[in-house]
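Tertiary structure, described
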Amino acid sequence: MGWFSLPETFVSSQASRVNVKDSLQHAAKVLVNAGVTSADINAQWLMTHVLGCRRTELALKLSEPLSDEEQARWDEVVAKRIQRIPLQHIIGTVDFCGIELDVNEHVLIPRPETELLAEMAWVVAASMNQASVLDIGTGSGCLAIAVALNARKATVHALDISANALEVARANASRHGLKERITFHEADMREPLPVNGLIDLIVANPPYVPSRDIRDLEPEVRDHDPHLSLDGGEDGLDYYRSLAENLLPCLSAEGRLMMEIGEGQASGVADIIGCSGGRVLEILPDLNNVERIVVASAVNS
Ligand code: GLN
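First, a word on what this report is: a plain description of the structure on this page. (Residues numbered from 1 in each chain as written. Predicted model: local features only at pLDDT ≥ 70, side-chain atom pairs only at ≥ 80, totals over all residues. Heavy atoms only, no water.)

**Points about the pattern of salt bridges**
Tallied over the full model, the rule gives 13 salt bridges. Where Arg175 meets Glu100, a salt bridge forms, and the shortest distance between an N and an O atom there is 2.4 Å. Taken together, the positions of Arg175 in helix α8 (residues 163-175) and Glu100 in strand β2 (residues 99-102) put the pair 75 residues apart, joining distant regions of the chain. Note that Asp188 and Arg190 form a salt bridge whose closest N and O atoms lie 3.1 Å from each other. Overall, Arg190 belongs to the partly exposed group, its relative accessible area being 40%. (Salt bridge = Lys/Arg side-chain N within 4 Å of Asp/Glu carboxyl O. Helix = DSSP H or I, 4+ residues; strand = E, 2+ residues; numbered from the N terminus. Buried < 20%, exposed > 50% of the residue type's maximum accessible area, 1.4 Å probe, protein only.)

Right, here's the structure in full:
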C-alpha cells in the first residue's frame, strides 16, 4: 500500500455515500408515495435544513456527497415528513411576508392566503399614521408582527386564548425587535376586548372550519395544527358572530375590521356583519380566486 492510498474503511464509506441530487430525487419519490403535495419542493426545503444552506445554494451542492451525520439527519427528517408531520414543524420556522417566524404545535402554521390580509392591513395602518391595531387570535403573531414591521408608527395589540401560543408570538416579536411595539393579551376573542379606547384596525384570522369538516383535512392540518385555531363550530361561522357583535362597536370613526374567511363563507359573514350594525366595504379574492378577505366598518362611520 503506497503512502497515498486511503484506508479501506474510508474508501468504502466514501463509495457508499449518496450525493445531494440523488437524495433529493429519492426523497421526492417516497414523499409522493406518502401523499405529500409538492414533494420535490418539500425535499429541497428539508435538504436546506439538513445542510444549513439557502434553497438557492442547493443547485451548487447537487454533486456533493452527504456526510454520515448529514445522512443520518436526512433520513430522520424525511421519515418525519413521510409521517405527514408538517414541513414547518420539522424545520421549526415559516416564511410569512418575508419574515421568518418560529412555529410549533401550539400555533396555526401561517398560510400564504393570510399574507394578503397582512399586506392589506399594514397598508391601511400605515396610511392612518398612528393607528391603533388589534390582532385577534394572533397564534404565531404573524399578522401583528407583519403590521408592526411595516407600519412603524402603529400601536399594536394582539390577543390569543392560548398561553402557549402567546409564548411563541412573544418570542417571534422579540426576535424581530418588536418587544416594545406589540402588547400581548391572554384573552378569549368571544369576550369583550381587554383593550381600552377605540381601535382603528382590527385584523383576525379566526377559526372557520366547520367542525364536521375537520376530520377530512390533510393530516398535516388535522393532526398538527391546533384545533382551537381551526374549529369554527357547526357552520364554521361561530367566531364571526361574536367578533361582529363585540368588535364593530370598538372601531374608531374611520376604523376597519379585516377578517380572513373560508371558501364559500363570504355571504354568510356579510349577513352576520350586516345584522351586527356593520357595513361590508370589500370582499377580496386570494391568488386562487377564492373570496378570502372581508373588510368592514361600523355603519355610522
Ligand atoms: N386556512 C386554514 C386551513 O387551511 C384554516 C384557518 C382558520 O380556520 N382560520 O385549514
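There's plenty left to go through after this.
**Overview of the pairing of strand β4 (residues 155-160)**
Judged by how many residues are buried, β4 sits mostly within the fold: five of six residues are covered. Here strand β3 (residues 132-136) pairs with β4 via five bridges, running parallel. Across the sheet, residue Val133 finds its bridge partner in β4, namely Val156. The parallel pair β3 and β4, bridged by helix α7 (residues 142-150), forms a crossover whose chirality is right-handed. (Pairing = 2+ DSSP bridges. Right-handed = clockwise from strand over helix to strand, strands pointing away.)

**Concerning the site of the ligand**
Near the ligand you find Leu108, Arg111, Asn205, Pro206, Pro207, Tyr208, Val209, Ser229 and Leu230, and these make up its full shell. At a separation of 2.9 Å, an oxygen atom of the ligand approaches a polar backbone atom of Tyr208. In the complex, 88% of the free accessible area of the ligand, which totals 300 Å², lies under the protein chains. Classifying every residue of the shell around the ligand by side-chain character gives six nonpolar, two polar and one charged. (Near = heavy atom within 4 Å. Polar contact = N/O pair within 3.5 Å; in protein donor to acceptor, adjacent residues only side chain to side chain. Areas by Shrake-Rupley, 256 points an atom, 1.4 Å probe, with all protein chains shown as cover. Nonpolar A, V, L, I, M, F, W, Y, C, P; charged D, E, K, R; others polar.)

**Some words on the packing of helix α3 (residues 39-51) against helix α4 (residues 68-82)**
At a minimum axis separation of 10 Å, α3 and α4 run at an interaxial angle of 145 degrees. Relative to α4, α3 is oriented so that their crossing is right-handed. Here α3 contributes Asn42, Ala43, Leu46, Met47, His49, Val50 and Leu51 to the contact with α4, which in turn contributes Glu70, Arg73, Trp74, Val77, Val78 and Arg81. Split into classes, the residues belonging to the contact of α3 with α4 amount to eight nonpolar, two polar and three charged. (Axes fitted to C-alpha atoms, helices over the stretch in contact; angles between N-to-C directions. Left-handed = near helix turned anticlockwise from the far one by under 90°. Contact = heavy atoms within 4.5 Å.)

**Quick look at the pairing of β2**
Only one face of β2 is covered, namely the face carrying Ile99 and Leu101; the face carrying Glu100 and Asp102 is uncovered. Across four bridges, strand β1 (residues 93-96) lies against β2 in antiparallel orientation. Within β2, the residue paired with Phe96 across the bridge is Ile99.

**Some details on α4**
Helix length check: α4, at 15 residues, gives a terminal C-alpha distance of 21 Å against a target of 21 Å (1.5 Å per residue), a fit within 8%. Of all the positions in α4, only Glu70, Trp74, Val77, Val78 and Arg81 are classed as buried. Viewed along the axis of α4, the buried residues span an arc of 100 degrees, placing them on a single side of the element. Where α4 is buried, its residues contact α2 (20-33), α3, α5 (87-91) and α9 (219-224). (Expected span 1.5 Å × (residues − 1). Arc of directions from axis to C-beta.)

**Concerning α2**
Between its first and last C-alpha, α2 extends 20 Å over 14 residues, near the 20 Å set by a 1.5 Å rise per residue. The complete set of buried residues in α2 reads Val20, Ser23, Leu24, Ala27, Ala28 and Leu31. Taken down its axis, α2 places every buried residue within 135 degrees of arc, on the same side. Along α2, exposed side chains directed more than 90 degrees from the buried face belong to His26, Lys29, Val32 and Asn33. Of the surrounding secondary structure, the elements contacted by the buried residues of α2 are α3 and α4.

**Some words on the packing of α2 against α3**
Contact geometry for α2 and α3: axes closest at 8 Å, N-to-C directions at 130 degrees. If you check the angle between α2 and α3, you find them oblique. For the pair α2 and α3, the sense of crossing is right-handed. Each of Val20, Ser23, Leu24, Ala27, Ala28, Leu31 and Val32 in α2 lies in contact with α3, whose residues at this interface are Ala39, Asp40, Asn42, Ala43, Gln44, Leu46, Met47 and Leu51. Broken down by class, the residue content of the contact of α2 with α3 amounts to 11 nonpolar, three polar and one charged. (Parallel < 35°, antiparallel > 145°, perpendicular 65-115°, else oblique.)

**Digging into the environment of Glu64**
When you line up the elements, Glu64 lands in the loop between α3 and α4. Assessed through its relative accessible area of 38%, Glu64 is described here as partly exposed. For the pair Glu64 and Val18, spaced 46 residues apart in the sequence, the C-alpha separation amounts to 8.3 Å. The contacts of Glu64, once residues within four sequence positions are left out, are Val18, Asn19 and Val20.

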